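Geometric and topological summary
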Amino acid sequence: MKKFLTIAFIAIFSMTSYAQDDSKDGAKALEEVTASLSYGFITGDSTFTGIRSGSVSVDFNFLFNVTDDLKLGAVAGASHYLYKSGRSASDYDDVLYTIPMGATFRLYTENDRFYIGSDAGYAIGVDTDGGFFYRPKVGMSLTDHSGITMSYSEIIDTATLSTFSIGYEFSF
């Protein structure tokens, strides 16, 4: 697992170093890279609500300007789903880690202070099966390089895992 996470980390950051190259043939250069850390609460009536209390996630967004108010790009990250108190990993067969990878979009207000957006793609299960994920979200800028985000996320496979998350985002 350490090898896989190391390779994923290197691949993500090598994309950003290549994307910073502003070519002269009209290709769009990478406009913004964001990193976010969030805590999520398990929601819904899935099988996970009885054994999981929440999640901790780290996500990286690679965004390109399409218009002044619309950005499109890619998202990659890692999530760990926590056990409820009194329960441990030895009680279950799996420790739940996922690596979501997909596309993202953001639609900003005129003053760039607020945005709505969504992520969608596939969440690779590290210790279990993965599944399709989607994550509608809203955000608010606190400064030029930081903000807060709120999102609802679902990973859909044979069972559905839903979370409501609040996080802090930093842009580079």
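**Some remarks on the pairing of strand 1 (residues 32-43)**
One ladder, built from 10 bridges, connects strand 1 with strand 2 (residues 52-65); its direction is antiparallel. Each residue of the ladder has a partner; that of Phe41, found in strand 2, is Gly54.

**Considering the sheet that holds strand 6 (residues 131-143)**
Read around the closed barrel, 8 strands run 1-2-3-4-5-6-7-8, paired in antiparallel fashion. This sheet shows a mean twist of 25° between the axes of neighbouring strands, independent of strand direction. Pairing analysis gives 11 bridges linking strand 4 (residues 97-108) to strand 5 (residues 114-125), with the strands arranged antiparallel. When the sheet's bridge partners are listed, Tyr108 is paired in strand 5 with Tyr115.

**Points about the nonpolar core**
Judged by nonpolar contacts, Ile42, Val75, Tyr81, Leu96, Ala123, Phe133, Ile155 and Leu161 together constitute the single largest core of 8 residues. If near-sequence neighbours (up to four positions away) are discounted, Tyr81 is found in contact with Ile42, Arg52, Gly54, Ser55, Leu96, Thr98, Ile155, Leu161 and Thr163. Core analysis: the next-biggest nonpolar cluster, separate from the first, contains 5 residues, Val33, Ala35, Phe60 and Phe62 among them.

**Topic: the pattern of salt bridges**
The final tally for this structure, using the stated rule, is 5 salt bridges. One salt bridge connects Asp59 with Arg135, and the closest N-O pair in it is separated by 3.5 Å. Residue Asp59 is found in strand 2, and its partner Arg135 is found in strand 6; the two are separated by 76 residues along the sequence. Of the two residues examined, Asp59 and Arg135, each falls in the buried class. The salt bridge involving Lys137 is made with Asp119; its shortest N-O contact spans 3.2 Å.

**Topic: the side chain of Asp119**
As for its position among the elements, Asp119 is in strand 5. Classification of Asp119 by relative accessible area gives buried; the value is 1%. Reaching out from Asp119, the side chain makes a polar contact with the side chain of Thr104 at a distance of 2.5 Å. Side chain to side chain, Asp119 and Lys137 meet in a polar contact 3.2 Å long. Each residue touching Asp119, except ones within four places of it in the same chain, is listed here: Asn61, Val75, Ala103, Thr104, Phe133, Tyr134, Arg135 and Lys137.

What counts and how
Residues numbered from 1 in each chain as written. Predicted model: local features only at pLDDT ≥ 70, side-chain atom pairs only at ≥ 80, totals over all residues. Heavy atoms only, no water. Pairing = 2+ DSSP bridges. Helix = DSSP H or I, 4+ residues; strand = E, 2+ residues; numbered from the N terminus. Axes fitted to C-alpha atoms, helices over the stretch in contact; angles between N-to-C directions. Core = buried A, V, L, I, M, F, W, Y, C linked by side-chain atoms within 4.5 Å. Buried < 20%, exposed > 50% of the residue type's maximum accessible area, 1.4 Å probe, protein only. Contact = heavy atoms within 4.5 Å. Salt bridge = Lys/Arg side-chain N within 4 Å of Asp/Glu carboxyl O. Polar contact = N/O pair within 3.5 Å; in protein donor to acceptor, adjacent residues only side chain to side chain.

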